[in-house]
Amino acid sequence: MIDKRLLRLPGIRQLFTMLAGLTVLQAFAILLQATFLSQALVNSWEQKQLKTIFLPTFLFFTSFLIRHLINLIKHKYTKKIAQKSANNLRSSLLEKIYTTGPKMIGTTGTGNLVTNALDGMDQAENYINLISEKMINMSVIPPILLIYIYFQDIKSGITLTILVPLIILFMIILGYAAQDKANKQYDQYKILSNHYLDSLRGLPTLKMLGLSKKYTNNIYKVSEEYRKSTMSTLKVAILSTFALDWITTLSIAILAIFLGLGLINGNISLYPALVALILAPEYFLPLRDFSNDYHATLDGKNAMSNLLSILSIKDSQSSDLLSSISWEINSTLKVQNLNFTYSKANSDSDIKNASFEFKGYQKIGIIGASGSGKTTLINLLGGFLNPDTPQKIEINQQKIPNFAQKNWQRMFSYIPQNPYMFSGTIRDNIIFYKPSATDQEINEAVETAGLTDFINSLSKGLNTVVGEGGRGISGGQAQRIMIARAVLDKSRKIILLDEPTAHLDIETEYNLKKNFEKAFDNHLVILATHRLHWINEMDYVLVIKDGSIVQQGTPSSLQNSKGYFVDLVSSMRGDTI
């Protein structure tokens with residue numbers, strides 16, 4: 001039930017040690033509780049003086065309070081460590097997303113990643129809470145109580161010793177069934193989360209093609225599979241809980257019958273019989289508690305295992321193999337036979353033997369059909385993905401194996417397909433690459449991005465707060481803020497753009513184009529796009545088909561070559577329809 005990787009998390013071993021010590025004290029408090037209650041009942045049965053009943057009753061309540069005080073301390077301490085561990089996992093996951101980026105998304109799926117960052121963290125926290133406390137209780141309390149029962153009545157001890165393995169065997173059988181069902185349910189949950197996000201992303205396209213209603217059948221099938229998987233898991237969970245409660249109750253009843261017969265036949269005195277009978281429910285209680293939360297524990301274990309598996313993905317961490325450089329008008333970038341393969345074999349988005357050379361302040365266009373590998377190439381150039389093997393890459397005559405170099409990444413600004421705006425002021429979002437920027441530098445970037453009129457129209461200007469993801473402003477204004485962010489740091493002479501206007505209407509994009517062109521001055525610009533009006537603005541174009549660069553050159557030379565570029569442009573214009 002315990003994922004061994006859980007023990008590597010900070011504070012977990014100390015948590016288990018602390019819980020073990022507190023649980024031992026709690027077990028002795030239970031023993032004292034049973035002992036004093038039995039003594040009070042025996043004295044009352046034998047009609048002894050009131051003072052002989054009052055003292056053990058007082059000690060019983062004292063033991064009862066100590067037991068539950070220890071339980072409260074355990075809950076508080078476990079919850080604190082579980083929250084801290086969940087926060088550490090969340091931080092590690094966000095850091096992993098930053099250092100691994102597209103590689104992680106390509107491996108796990110965006111929907112699965114979002115699910116783990118949100119629901120998965122709550123399940124992992126709940127798992128740490130349940131598995132630590134309930135496993136320690138089940139491992140410590142029953143053995144201590146059983147040893148004490150043996151000292152009171154050997155026959156009762158033997159009865160409980162025989163009954164427990166039967167219960168554990170039953171738990172193992174049902175446990176394997178529940179584990180199998182829970183694994184299938186969690187796999188279906190990951191499919192559902194990825195499918196749901198993909199459906200949302202593709203909804204505008206499906207609607208445009210008139211396929212949105214037809215696609216509802218796919219959504220229904222995936223949702224129905226998840227529903228069936230969940231109900232199947234719940235059936236096993238409810239059955240196992242009911243069966244365990246029934247067996248433990250029957251076991252206590254069997255013990256009570258043996259003790260009653262022993263009292264009638266005079267084979268046992270009242271005091272040890274009462275002690276054994278009072279401790280019997282306490283003996284089975286940790287097993288019952290664990291069984292009641294077994295399904296939640298399985299869900300938490302699956303979430304935790306998935307999280308730890310994601311965190312074990314190798315980082316695309318930047319290195320320092322490239323010495324400090326700057327990009328100038330005579331700077332050069334040469335790449336030969338660049339290759340990258342996703343985990344899924346024969347993906348059209350793989351990059352195969354890509355070779356090219358850039359120089360100075362060029363504007364480079366990357367064009368190709370959807371899924372041809374444009375984004376993959378941009379991610380490789382940005383160092384967000386690493387090629388399959390060390391490649392022949394030269395930047396200003398310095399040879400490096402990949403683009404995951406800190407000094408290279410310090411030279412560029414990046415605008416992805418969906419540039420992210422943080423919850424905060426417009427100023428905070430603009431100074432992302434250069435937090436130390438002066439007001440004059442910010443105003444120059446705002447002017448370059450065409451934001452001056454918009455900022456002046458706001459009562460708080462640059463200090464206006466926007467919501468997470470740019471809520472509260474239009475897509476066009478958000479895109480202009482991204483331009484200002486990209487051009488603020490003048491030391492960054494390279495701009496990488498991955499279809500930055502793909503989600504804007506053509507009118508908004510046309511208005512933004514002038515701002516982009518102004519920002520492109522004195523920069524090496526690498527722009528992946530499927531919008532044809534950008535191509536003639538480029539100095540050089542790479543044409544990608546199924547992950548391979550099939551043509552490259554100036555727009556005019558490509559147009560005259562009568563190759564794939566011409567066919568692609570004709571297809572985008574609709575000439576072939």
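Residues numbered from 1 in each chain as written. Predicted model: local features only at pLDDT ≥ 70, side-chain atom pairs only at ≥ 80, totals over all residues. Heavy atoms only, no water.

### Details of the pairing of strand S1 (residues 332-340)
With six bridges connecting them, S1 and strand S2 (residues 351-359) associate as antiparallel partners. Counted as the bridge partner of Leu 333 is Phe 358 from S2. Direction of pairing for S1 relative to strand S4 (residues 392-395): antiparallel, over a ladder of four bridges. Considered in S4, the bridge of Val 335 is made with Ile 393. (Pairing = 2+ DSSP bridges. Helix = DSSP H or I, 4+ residues; strand = E, 2+ residues; numbered from the N terminus.)

### Comments concerning the sheet that holds strand S12 (residues 548-553)
Pairing is mixed across the open sheet formed by six strands, whose spatial order is S6-S9-S10-S3-S11-S12. If you trace the sheet from one side to the other, it starts and ends with strand S6 (412-415) and S12, each paired once. In this sheet, adjacent strand axes meet at a mean angle of 15° when their direction is disregarded. As paired elements, strand S3 (residues 363-368) and strand S10 (residues 524-529) share five bridges and run parallel to each other. Within S10, the residue paired with Gly 365 across the bridge is Leu 527. (Axes fitted to C-alpha atoms, helices over the stretch in contact; angles between N-to-C directions.)

### Some points on the sheet that holds S2
One open sheet holds the four strands; their spatial order is S2-S1-S4-S5, and the pairing between them is antiparallel. Both edges of this open sheet fall to S2 and strand S5 (398-400), since each of them pairs with a single strand only. Direction aside, the axes of adjacent strands within the sheet are offset by 20° on average.

### Regarding the packing of aromatic side chains
Applying the stated criterion across every chain yields a total of 10 aromatic pairs. With a centroid separation of 6.4 Å and 35° between ring planes, the pair formed by Phe 60 and Phe 64 is classed as tilted. Residue Phe 60 and its partner Phe 64 are located together in helix H2 (residues 50-100), separated by four residues, close to a single helical turn. On the basis of an interplanar angle of 45° and a centroid distance of 4.9 Å, the ring pair of Phe 384 and Tyr 414 is categorised as tilted. (Phe/Tyr/Trp six-rings, centres within 6.5 Å; stacked < 30°, edge-to-face > 60°.)

### Brief notes about helix H14 (residues 475-488)
Under the 1.5 Å per step criterion, the end-to-end length of H14 is 20 Å for 14 residues, consistent within 8% with the ideal 20 Å. Counting buried positions along H14 yields 13 of 14 residues, so the element is predominantly enclosed. (Expected span 1.5 Å × (residues − 1). Buried < 20%, exposed > 50% of the residue type's maximum accessible area, 1.4 Å probe, protein only.)

### Describing the nonpolar core
The biggest cluster of nonpolar side chains holds 47 residues, and the ones touching the most others in it are Leu 6, Ile 12, Leu 279, Phe 284 and Met 304. Going through the elements one at a time, helix H1 (12-45), H2, helix H4 (110-152), helix H5 (154-208), helix H6 (212-265), helix H7 (270-292) and helix H8 (294-311) are the ones with two or more residues in this core. Top element by residues in this core is H4. It accounts for 13 residues. (Core = buried A, V, L, I, M, F, W, Y, C linked by side-chain atoms within 4.5 Å.)

Shape is all these values report; function is a separate question.
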